[in-house]
Amino acid sequence: MPNESSKSNHQNPKIMEISFRQTREKEWKETENLTREAFWDVYKPGCDEHLVLHLIRKRNCYIEALDLVAVDGKIIIGHIICTKAKVVDSMNSEHPVLCAGPFSIMKEYQGKGHGARLMEYCIAKAKELGHDAMILFGNPDYYHRFGFRNAAEFGITTKEGLNFDPFMALGLLNASLSGITGKFYEDESFSVDGAELEDFEKQYPFKEKHVTSTQLKL
Ligand SMILES: CC(C)(COP(=O)(O)OP(=O)(O)OC[C@H]1O[C@@H](n2cnc3c(N)ncnc32)[C@H](O)[C@@H]1OP(=O)(O)O)[C@@H](O)C(=O)NCCC(=O)NCCS
């Protein structure tokens, strides 16, 4: 696990000292903006992840101790959050799990290993807090390095009963996730309403949305 304050492997001495800690409430807006900037046009024209993050912080799914930032001096360069979610088995028993994301690194700092170190920090914190499992939707090429596997390997499907490569799970205390099978339900904050997004966007400087050939599919 990276230390709360530890050196990154980046060569530029000006940004060598990246530290990791819990997000402060006064930094909520800044981290929502960071999320908007990082996700904009990456998966679709514009993005809604900054609104998701905003909604998470108002709901019971919010876990203050897993709302984390990476900081370079006074600049927040990365953010990740995990929320309370559940896997419901065939007997209707609910197993609490974590849902990871949104996860963002400021564009200028991407591709330098800071994201990986923030994710490792988050996983270590989640273990420390005694959580059993972390589930996310993301690019397998990236997340397999942290130990995430296709959720199908653990008998976990989406709430619709589906499995696909970007739907992944990681056992935190028990690597095989034994005893946790069923359908995964994330918090309702992830279902963003178009009108709500349009309204939320009004508090940000205008940004043009683009359709791009590199838009990633999750
Ligand atoms: C995804 C993200 C948080 C990773 O942070 P980062 O600091 O750039 O990542 P790292 O430097 O630790 O790792 C870089 C590696 O990840 C790969 N990578 C980065 N983003 C990726 C993505 N979305 N899909 C697949 N691979 C990705 C890079 O190609 C590089 O691969 P390599 O180590 O094999 O060369 C950051 O790129 C970001 O904010 N992206 C936009 C928002 C986003 O996609 N968030 C995650 C949604 S699931």
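Source: prediction; values computed, not measured. (Residues numbered from 1 in each chain as written. Predicted model: local features only at pLDDT ≥ 70, side-chain atom pairs only at ≥ 80, totals over all residues. Heavy atoms only, no water.)

## What about the packing of helix H2 (residues 49-56) against helix H5 (residues 194-201)?
H5 packs onto H2 with a crossing angle of 95° between their chain directions and a minimal axis gap of 10 Å. Between H2 and H5, the angle is such that the two are roughly perpendicular. The residues of H5 that touch H2, namely those facing His-50, Leu-51, His-54 and Leu-55, are Glu-196, Leu-197, Phe-200 and Glu-201. (Axes fitted to C-alpha atoms, helices over the stretch in contact; angles between N-to-C directions. Helix = DSSP H or I, 4+ residues; strand = E, 2+ residues; numbered from the N terminus. Parallel < 35°, antiparallel > 145°, perpendicular 65-115°, else oblique. Contact = heavy atoms within 4.5 Å.)

## Notes on H2
Counting buried positions along H2 gives seven out of eight residues, so the element sits mostly inside the fold. Those residues of H2 that sit buried are Glu-49, His-50, Leu-51, Val-52, Leu-53, Leu-55 and Ile-56. (Buried < 20%, exposed > 50% of the residue type's maximum accessible area, 1.4 Å probe, protein only.)

## Some thoughts on unusual backbone geometry
Cis peptide bonds are those with omega within 30 degrees of zero, and the linkage from Gly-101 to Pro-102 qualifies with 0°. When you line up the elements, Pro-102 lands in strand S5 (residues 94-105). You will see that Asn-92, though not glycine, has its phi angle at about 70°, which is positive. The topology assignment puts Asn-92 in the loop between strand S4 (75-88) and S5. Given a relative accessible area of 63%, Asn-92 falls into the exposed group. Even without being a glycine, Leu-177 presents a positive backbone phi close to 55°.

## With respect to the pattern of salt bridges
By the definition in use, this model includes 14 salt bridges. Across the pair Asp-67 and Arg-57 runs a salt bridge, and its minimum N-O distance is 3.0 Å. One end of the pair, Asp-67, is in strand S3 (residues 67-72); the other, Arg-57, is in the loop between H2 and S3, and 10 residues separate them in sequence. With a closest N to O distance of 3.5 Å, Lys-86 and Glu-94 form a salt bridge. In the salt-bridge network here, residues are joined through shared partners; they are Arg-21, Arg-24 and Glu-27. (Salt bridge = Lys/Arg side-chain N within 4 Å of Asp/Glu carboxyl O.)

Shape descriptors only; they carry no functional weight alone.
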